Amino acid sequence: MIKLNLLSNQKKKELKEYKILNTFRIASYLVIVFLVLIIMSLYGVSYYLSNQVKEISDKNEASQNRQSQEGNISYSKTISEINSDIQDIKKIQSDYIIFSDYLKDYTKIIPSDLKLTNLSVNNETNLIQIKGLAPTREVFLQFKTNLENSNLIKEIDSPISNLIKKVNVDFTISGKMILDSYNINNYEI
């Protein structure tokens, strides 16, 4: 069987660009759906932890009422265990960072024509490493300026090699995330 392609080179090029654009659009939709699922799961975990704290507090209150009615000292051990559990839950909750909100704010400062290829985060040290591709040096510098002016990253390290090329700038930036305002204690549940 013989295949004939009667499209002009311009039409072939437009068709190829359309396919690439469509692929990126689908990938964007998938990323959005993924982020929505992550946000929903994080809010679910937050809701679950709040209920657990309330339940433990209710148990603690019920135990105290029984102790005062019966005059039995044996409940003090149970109360101290419950208090210990509450303190453990409060510690876990105080260390919890809402990364979905951090990433949402982070995406607002990325220029539209800049592409990120890698985002590495070390949760223990709060270090972040960003790799990407900027079409021009100016777009990269705008992104770097946005990072410096934001309250998201401090101690930004950008090697001089990021500035060598004028176009198709393959860059790497690292820094320390500022997560104070993304702690769960700063949110109303």
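Right, let's walk through the structure included here. (Residues numbered from 1 in each chain as written. Predicted model: local features only at pLDDT ≥ 70, side-chain atom pairs only at ≥ 80, totals over all residues. Heavy atoms only, no water.)

Some details on helix α4 (residues 137-149)
Consideration 1: For α4, with 13 residues, the first-to-last C-alpha span of 18 Å sits near the 18 Å given by 1.5 Å per residue.
Consideration 2: Among all positions of α4, only Val-139, Phe-140, Phe-143 and Leu-147 are buried. The arc enclosing the buried residues of α4, seen along the axis, measures out at 100 degrees, which places them on a common side. Away from its buried face, by an angle of more than 90 degrees, α4 presents the exposed residues Glu-138 and Asn-149. (Helix = DSSP H or I, 4+ residues; strand = E, 2+ residues; numbered from the N terminus. Expected span 1.5 Å × (residues − 1). Buried < 20%, exposed > 50% of the residue type's maximum accessible area, 1.4 Å probe, protein only. Arc of directions from axis to C-beta.)

Focus: the layout of surface pockets
Consideration 1: By volume, the largest pocket amounts to about 940 Å³.
Consideration 2: Forming the walls of the largest pocket are 25 residues, and the residues nearest its centre are Val-31, Leu-35, Thr-107, Ile-110 and Leu-116.
Consideration 3: At the level of elements, α1 (9-70), α3 (99-108) and β1 (115-122) are the ones that each hand at least two residues to the lining of the largest pocket.
Consideration 4: For the lining of the largest pocket, the leading source of residues is α1, giving 10 residues.
Consideration 5: Partitioning the lining of the largest pocket into residue classes produces 17 nonpolar, 6 polar and 2 charged. (1 Å grid on protein atoms, 1.4 Å probe; cavity = no way out; pocket = protein on both sides within 12 Å on 5 of 7 lines; lining within 4 Å. Points joined across faces, edges and corners; volume = space filled by probe spheres on them. Nonpolar A, V, L, I, M, F, W, Y, C, P; charged D, E, K, R; others polar.)

Considering unusual backbone geometry
Consideration 1: Although it is not a glycine, Glu-155 adopts a positive phi angle of roughly 55 degrees.
Consideration 2: Tracing the sequence through the fold places Glu-155 in strand β3 (residues 153-157).
Consideration 3: Overall, the relative accessible area of 61% leaves Glu-155 in the exposed class.
Consideration 4: Positioned with a positive phi, Asn-168 is a non-glycine residue whose angle comes to about 50 degrees.
Consideration 5: Using a relative accessible area of 47% as the deciding quantity, one classes Asn-168 as partly exposed.

Some points on the pairing of strand β4 (residues 167-177)
Consideration 1: Across 9 bridges, the pairing between strand β2 (residues 127-136) and β4 is antiparallel. Its bridge partner lying in β4, Gly-132 is registered against Phe-171.
Consideration 2: Pairing analysis gives 3 bridges linking β3 to β4, with the strands arranged antiparallel. The residue of β4 that forms the bridge with Lys-154 is Lys-176. (Pairing = 2+ DSSP bridges.)

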